[in-house]
Every structure is written in C-alpha cells, then in structure tokens.
Amino acid sequence: MLRVEDLRVYYKTLSGYVRAVDGVTFTLSKGEILGIAGESGSGKSTLVNYIILPKPPMVRIAGSIVYRGIDLTSITPGELSKIRYTGISIVPQYAMDALSPTKRIRAIIRDLTRGRAEGDIEEKARERLRMVGLPGDVLDRYPIELSGGMRQRVVLVISTLLDPDVLIADEVTSALDVTMQRAVLEMLASFRDTGIVRSIILVSHDIAALYQVADRIMIMYAGKISEIGPAEEVIGDPLHPYTRALIDSVPRLGVRYKTRRLTGLKGEPPRLASPPTGCRFHPRCSVAEERCRAREPPPARVGKRTVYCWLYTGG
Ligand SMILES: Nc1ncnc2c1ncn2[C@@H]1O[C@H](COP(=O)(O)OP(=O)(O)OP(=O)(O)O)[C@@H](O)[C@H]1O
Ligand SMILES: [Mg+2]
C-alpha cells in the first residue's frame, strides 16, 4: 500500500539542520493498522506530515515514499493534493483545535469536498456521524459547540468522507479522557473493518492506546526507528533497549517487567540539531558498547521484527 524508504527529512533553521527524520524505512500493508510510538520530539509528526503534507521548513535530504507505484516525493504539489483525502488522508496533530470557529460543520465539509465528492456528501456525512454515535444535527453546529471527543470524531469522519485508502491519524486520542479514547480507537478500527479505509497509521506517544488496535508497532527514537514488528511481540517482548525502557515506563504495560529490574529512562532525548554519533540512544543505554558510540547499527531481522541495535546484528 505504502512504502517509505530511507526517508530523511530535516528542518532548515538559521543555526543549521534539525535532523527530525533520519533514515526511516517501513511498509504499510493493505488492511493493516500500524501504530507509531515514541517520546515527544522523536519525529513522529514530521514523518507522517511529510508523507502527504510536506511544507517548508521541512527539507527532504533523501529517500522515497511510494504509494500505488507513485513516488510521492517526485510529483508536483498539485498532483499530491489530488491524492490527499482520496488516497491518503491525514488528521494532523491538533487538527480538532484548528477547525474554523466561524463555520458550521456543514460548511467545513462542503469546502473540503468541493469538486471531489460524488453523490450526496451531506447524506453520507450524516450516515457516518450516526455510525460513530453522533446525531446528524452536528452538521448545523459550530465546532465550539461540540465536546472534545465529539470534535475529534467529527474530524475523523470528515477526513474519511472520500473513503481514502490510507488514513493517518496523529495523536487523535491524546487530549481525550479514557472513555472517549476508547470510543475513538473503536471508531478507527471499525473504519478499517468496514472498508471505509483500507489501512491506518496511528501516531501516539501513548503506547498503551496503540496496543489496543495496532497490528504492528513502530517505535521511534530521535528521528530513527528503534524497532518495528507485530504489536504483541514489540510490547510483550521488546528487544531494543530503548523499547524496553519505554515500555517499562508505562505502568499499565510495565507491570509485566517488574522482575527484570530495568533501570528505566535516564536523561533526555538528544537535540536533533547535533545528534550523538553511532546509535542515537547510546548515551542513555545501559548496555552500550564501543561500537554503539562509533557506528550506526544496521537493521537486524529477528523473526517478523526489524531492530536497529548492535545486540541483534549477529556480529
Ligand atoms: N518548524 C520546525 N523547525 C525546526 N525544528 C522543528 C520544527 N518542527 C519540529 N521541529 C523539531 O523536529 C523534531 C521532531 O518533532 P516532531 O513534532 O516530529 O516530534 P513528535 O514525535 O511528533 O513529538 P510529539 O510527541 O511532541 O508530537 C523535534 O526536535 C522538534 O523540535
Ligand atoms: Mg507529534
């Protein structure tokens, strides 16, 4: 469905490049929900925004993004905007707070689907709203008249009205209480299960939330992948020292690791304007060796997983 290969996206700033996404490779399969987790500032939003909403000061240094045989990095902004909403739709982080306050939901939908929608889009919107437990008269309301959970569901309904192949949802559950989080996650899974969307990329710093719906999980650290693989394996038996520390720091998940006496996460993530040499996690890693400081770990296959750590390279 989607293949991202060695993608490097930096921010150009007055004091140099910020290496926010630095050599990321993964695929998204048909029917799959891929969860992307990682601490704040690890490059999650930069990665998913660049896929379908690239804009300055983001600069692509290398890499490709192939969707249905088309390299999205080589087409014009006009061609890319045709794929947005219909092929790949994104709900950017904070999107629900960015809804125009002076427009009713109906007008927001009309603006967004103008010239692209077939049939009665309003009727379709009403039906989808009903599907996610919202009354049809939401269309007559202003965003400010909706609760956070309602607004988030409305944003997700709007973003998927044109039945995109891929939905990218960035931190859509973060601002919600636990009950509403569950409702939104169930809604996403039902969008996939009913074929409204084919595949989903779900970004969250909340690894426990991802675990509820993701088929595979990708963990990012300082602009790179540390580990990617089936959700149960990554959460149940994390391999990368960073993944272990991250999961250990989540009480709901970490309880299983009590006996392992992990040291947890000390220190701060690195500044991406001048990241550490070798493995970017080495300054915080309790098992780092000389080679971790000197050279970047190559990807290592462990079963269905790919791990970027020297421990698993077999050398
Ligand atoms: N416009 C910008 N100019 C320069 N640096 C930026 C810009 N936007 C983001 N960054 C930097 O890029 C890095 C990655 O940021 P990004 O927002 O992608 O992280 P994230 O994983 O989505 O974090 P969060 O969990 O807080 O949403 C951070 O170091 C951030 O400071
Ligand atoms: Mg983000």
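Residues numbered from 1 in each chain as written. Chains lettered and ligands numbered in written order. Predicted model: local features only at pLDDT ≥ 70, side-chain atom pairs only at ≥ 80, totals over all residues.

J.: Describe the overall build of the protein chain, and please don't skip the residues or the numbers.
T.: A tally of helices and strands in the protein chain yields 11 helices and 12 strands. Its C-alpha radius of gyration of 20 Å places the protein chain within 12% of the 20 Å reference for a compact globule of 315 residues. Out of the 315 residues in the protein chain, the part that is buried amounts to 40%. Relative to all contacts within the protein chain whose residues are 6 or more apart in sequence, the contacts with residues 24 or more apart total 63%. (Helix = DSSP H or I, 4+ residues; strand = E, 2+ residues; numbered from the N terminus. Rg over C-alpha atoms; globule rule 2.2 N^0.38 Å. Buried ≥ 20, exposed ≤ 12 C-beta atoms within 10 Å, placed from the backbone. Contact = placed C-beta atoms within 7 Å.)

J.: With reference to specific residues and values, describe the sheet that holds strand β12 (residues 305–307).
T.: Here we have 8 strands laid out as an open sheet, ordered β6-β7-β8-β3-β9-β10-β12-β11, and mixed in their pairing. On the outer flanks of this sheet lie β6 (88–91) and β11 (300–302), each paired with one strand and no other. When strand polarity is set aside, the average angle formed by the axes of neighbouring strands in this sheet is 20°. The pairing of strand β3 (residues 33–37) with strand β9 (residues 216–221) spans 4 bridges and is classified as parallel. Pairing of Leu34 across the sheet is with Arg216, part of β9. (Pairing = 2+ DSSP bridges. Axes fitted to C-alpha atoms, helices over the stretch in contact; angles between N-to-C directions.)

J.: Mind laying out the confidence of the model for the protein chain, listing which residues take part and the relevant values?
T.: When the pLDDT values of the protein chain are averaged, the result is 93; 96% of them are 70 or greater. This model gives residues 257–262 a pLDDT under 50, and the stretch forms 6 contacts once residues within four places in sequence are excluded. (pLDDT = per-residue confidence, 0-100.)

J.: Describe the packing of helix α5 (residues 148–159) against helix α6 (residues 178–193), and please don't skip the residues or the numbers.
T.: Look at α5 against α6: their axes get within 10 Å of each other, and the N-to-C directions meet at 10°. As summarised for this structure, α5 and α6 are arranged roughly parallel, according to the angle between their axes. Once α5 is placed against α6, the crossing between them reads as right-handed. Mapping the contact onto sequence places Gly149, Gln152, Arg153 and Leu156 in α5 and Met180, Ala183, Val184 and Met187 in α6. (Parallel < 35°, antiparallel > 145°, perpendicular 65-115°, else oblique. Left-handed = near helix turned anticlockwise from the far one by under 90°.)

J.: Before we move on, can you summarise the site of ligand 1 with the specific residues and values?
T.: Around ligand 1 sit 16 residues, and of these Tyr11, Ser40, Lys44, Ser45 and Thr46 come closest. Elements with a contribution of two residues or more to the shell around ligand 1: β1 (2–13), β2 (16–28) and α1 (44–52). Here the shell around ligand 1 takes 3 residues from α1, the largest share from any one element. Grouping the constituent residues of the shell around ligand 1 by class yields 5 nonpolar, 10 polar and 1 charged. (Near = placed C-beta within 6 Å. Nonpolar A, V, L, I, M, F, W, Y, C, P; charged D, E, K, R; others polar.)

J.: How would you sum up the sheet that holds β1? Please name residues and give values.
T.: Spatially, 4 strands are ordered β2-β1-β4-β5 in an open sheet, and the strand pairing comes out antiparallel. The open sheet is flanked by β2 and β5 (70–71), the only strands paired with a single partner. Direction of pairing for strand β4 (residues 58–67) relative to β5: antiparallel, over a ladder of 2 bridges. Bridge pairing in β5 links Tyr67 to Ile70. Packing of α1 onto the sheet brings it into contact with β1, β2 and β4, and relative to β2 it is tilted by some 70°.

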